Structure formats: structure tokens, C-alpha cells
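# Structural characterization, general
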Amino acid sequence: MIIFGEEKPMYEPGSGRPHIVGIGGTTRSASSSEAALRMCLRLAEKLGASTAAFVGADLAKLPMYNPGVAERGEVGAKLAAELRRADGVVIASAGYHGGVSGLVKNAIDYLEDLREDQRPYLQGMPVGLIATGAGWQGAVMTLSQLRTIVHALRGWPTPMGAVINSAEVSFDRDFCTDDAQVAFQLETIACDLVGFGSKVTCMAGLGSEGAGQ
Ligand SMILES: Cc1cc2nc3c(=O)[nH]c(=O)nc-3n(C[C@H](O)[C@H](O)[C@H](O)COP(=O)(O)O)c2cc1C
């Protein structure tokens, strides 16, 4: 069983620590993509980040994104609010028929509501990506699609993405896995999110004074 290492917080709580928002999972109980997302977020917390998670049960409450209406409902409004204050994002999708699941893509579409923001979409933010599949091919294709989507939204996919073959890897009820390779991937993503995310926090703090420097 891999228990998280002896990570030392990169930031003292309350000292402008980065906020990481996780989106993903499926509506399946014991969803592997949700477990991987939660493990990654917990690692980020151990490194000093604050986190928020939108998992399958939350995403299922989101109506199909409709650009023509302003009302977003409780989960949609909370999702937008969390993304607006995020310093980093992590997205986890199951591979459905060779690509990103509709549930997760619909949640991503809600980023359209941030289009007119001072920081539109995912601009400048590190984005960790996790893809699961019942085999390697579907998971790898899904990771590749997630990277393309994040580029379109002006985000920065972290160099390490996690690809998880759920036919071979399992998570326990505490969202831990004894698969060393998966643990390494998720730890590396968490480190990059917190490391780069703190720089986003830092730049946000510069305001207009630092903008020209
Ligand atoms: C509708 C559907 C389509 C799927 N399509 C694929 C696929 O194309 N390739 C693949 O490797 N696995 C596919 N799977 C399997 C899931 O990707 C795999 O079981 C994944 O781990 C499910 O994520 P979860 O554990 O978070 O529910 C599919 C599963 C479902 C329900």
C-alpha cells in the first residue's frame, strides 16, 4: 500500500497558499477516476494547497451547458466561483468510447461562462490531467483529448499526465492505491499544481504594479 510520502508543505497555511480545483469522476460507485482525482487533491493538500472537488455526483446535477441562459443552478454557480479563485485545476475523465466522457466534457463546457473574465477560461493556470480506461488505448486517447481541450482553454497541462488502466489498478475506500507508478504520476501532478499554482497566486498578487515588469 502506498501511503503518501513525507511531503513537506510548500506553503504555510494562510500564507497565500494555492487553491486547486478538481473536476472529474463518473456516477459509478467506486469510480476509479474519482478516486484518482481525490488522491491527487489530497496530495496537493499535503503540500499546502486548499482544494475543492466536483465529482461524479456533483457533475450529474449540471444540466447540459446552454450558452443561451444565464441561470446556472447551485452546482454550476459554485463551479464557476471555485474556478474563478483557482490557482490550478485537475481534471479526471474515464475513457468512454475512446474519449472524454460526456459528464466531464459538459462540466468543462461551463468554463465558457468565464470567457469575459479578466482571466478568461483557464488562462495561465496549471492543469493536471488524469484519464482512466479499461485498457491502455482508451485511457491514452482520453488524456490526449484532455490536453487538447486545456490548450484550447489557454491552460497549461502539466508535463506529467496520469494514465490509469482500471482493469489492472484499484483504489481502496480511502482513495489510496498500491500501484507505485500511478502513485508517482499523481504525486508528480500534485507537486506541479502546487508549485506552479503558487506562482499564479503570486502573480495575481502583483496587480497593476507588477504587470509591466
Ligand atoms: C459507456 C462506456 C464506454 C467505455 N469506453 C471505453 C473505451 O473506449 N476504452 C476503454 O479502455 N474503456 C472504456 N470504458 C471503460 C471505462 O473507461 C473504465 O471502466 C473506467 O475505469 C471507468 O471509470 P470509473 O472507474 O471512474 O467509472 C467504457 C465504459 C463505459 C461505461
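Conventions adopted
- Residues numbered from 1 in each chain as written.
- Predicted model: local features only at pLDDT ≥ 70, side-chain atom pairs only at ≥ 80, totals over all residues.
- Near = placed C-beta within 6 Å.
- Nonpolar A, V, L, I, M, F, W, Y, C, P; charged D, E, K, R; others polar.
- Buried ≥ 20, exposed ≤ 12 C-beta atoms within 10 Å, placed from the backbone.
- pLDDT = per-residue confidence, 0-100.
- Contact = placed C-beta atoms within 7 Å.
- Pairing = 2+ DSSP bridges.
- Helix = DSSP H or I, 4+ residues; strand = E, 2+ residues; numbered from the N terminus.
- Right-handed = clockwise from strand over helix to strand, strands pointing away.
- Expected span 1.5 Å × (residues − 1).

With respect to spatial proximity, 19 residues lie near the ligand, and among them Ser32, Ala94, Gly133, Gly138 and Ser166 are the closest. For the shell around the ligand, the class distribution of residues is four nonpolar, 13 polar and two charged.

So, on to unusual backbone geometry. In the Ramachandran plot, His97 falls in the positive-phi region, its phi being about 55° despite a non-glycine side chain. Residue classification places His97 among the exposed residues on the basis of 10 C-beta atoms within 10 Å. Within the chain, Arg154 stands out as a residue other than glycine whose phi angle is a positive 65°. A count of 14 C-beta atoms within 10 Å places Arg154 in the partly exposed class.

The next subject is the confidence of the model for the protein chain. The pLDDT averaged across the protein chain works out to 91; a share of 89% of its residues lies at or above 70. Taken together, the stretch residues 1-5 has pLDDT below 50 and engages in 10 contacts with residues farther than four places along the chain or on a different chain. Every residue in residues 208-213 is under pLDDT 50, and counting partners more than four places away or in other chains gives one contact.

For the rest of this paragraph, the subject is the pairing of strand β2 (residues 50-54). Bridge count between strand β1 (residues 19-24) and β2: five bridges; the pairing is parallel. Counterpart to Ile23 in the pairing with β2 is Phe54. Regarding topology, helix α1 (residues 32-46) serves as the crossover connection from β1 to the parallel β2, and that connection is right-handed.

Before going further, it helps to examine α1. Here α1 spans 21 Å end to end across 15 residues, near enough to the 21 Å set by a 1.5 Å rise per residue. Of all the 15 residues making up α1, 12 are buried; the element is thus mostly covered by neighbouring parts of the structure. For α1, every residue scored as buried is listed here: Ser32, Ser33, Glu34, Ala35, Ala36, Leu37, Arg38, Met39, Cys40, Leu41, Leu43 and Ala44. Following α1 by one or two positions, Gly48 has its phi on the positive side, about 115°.

This next bit is on the environment of Arg147. With respect to the secondary-structure elements, Arg147 resides in helix α5 (residues 136-152). A residue is classified by how many C-beta atoms lie within 10 Å of it, and Arg147, with 17 of them, is partly exposed. Residues Arg147 and Pro157, 10 residues apart in the sequence, show an inter-C-alpha distance of 6.1 Å.

It is worth spelling out the environment of Thr132 at this point. As for its placement among the helices and strands, Thr132 is situated in strand β5 (residues 126-133). Separated by 96 residues in the primary sequence, Thr132 and Ala36 place their C-alpha atoms 8.9 Å from one another. Excluding anything up to four places from it in sequence, Thr132 contacts Ser32, Ser33, Ala36, Ala94, Gly95, Ala139, Ile164 and Ser166.

Next up on the list: the environment of Glu187. Note that Glu187 resides in helix α6 (residues 180-211). The class for Glu187 is buried, based on 22 C-beta atoms found within 10 Å. Each C-alpha atom, one on Glu187 and one on Ala162, is 9.8 Å from the other, the two residues being 25 residues apart in sequence.

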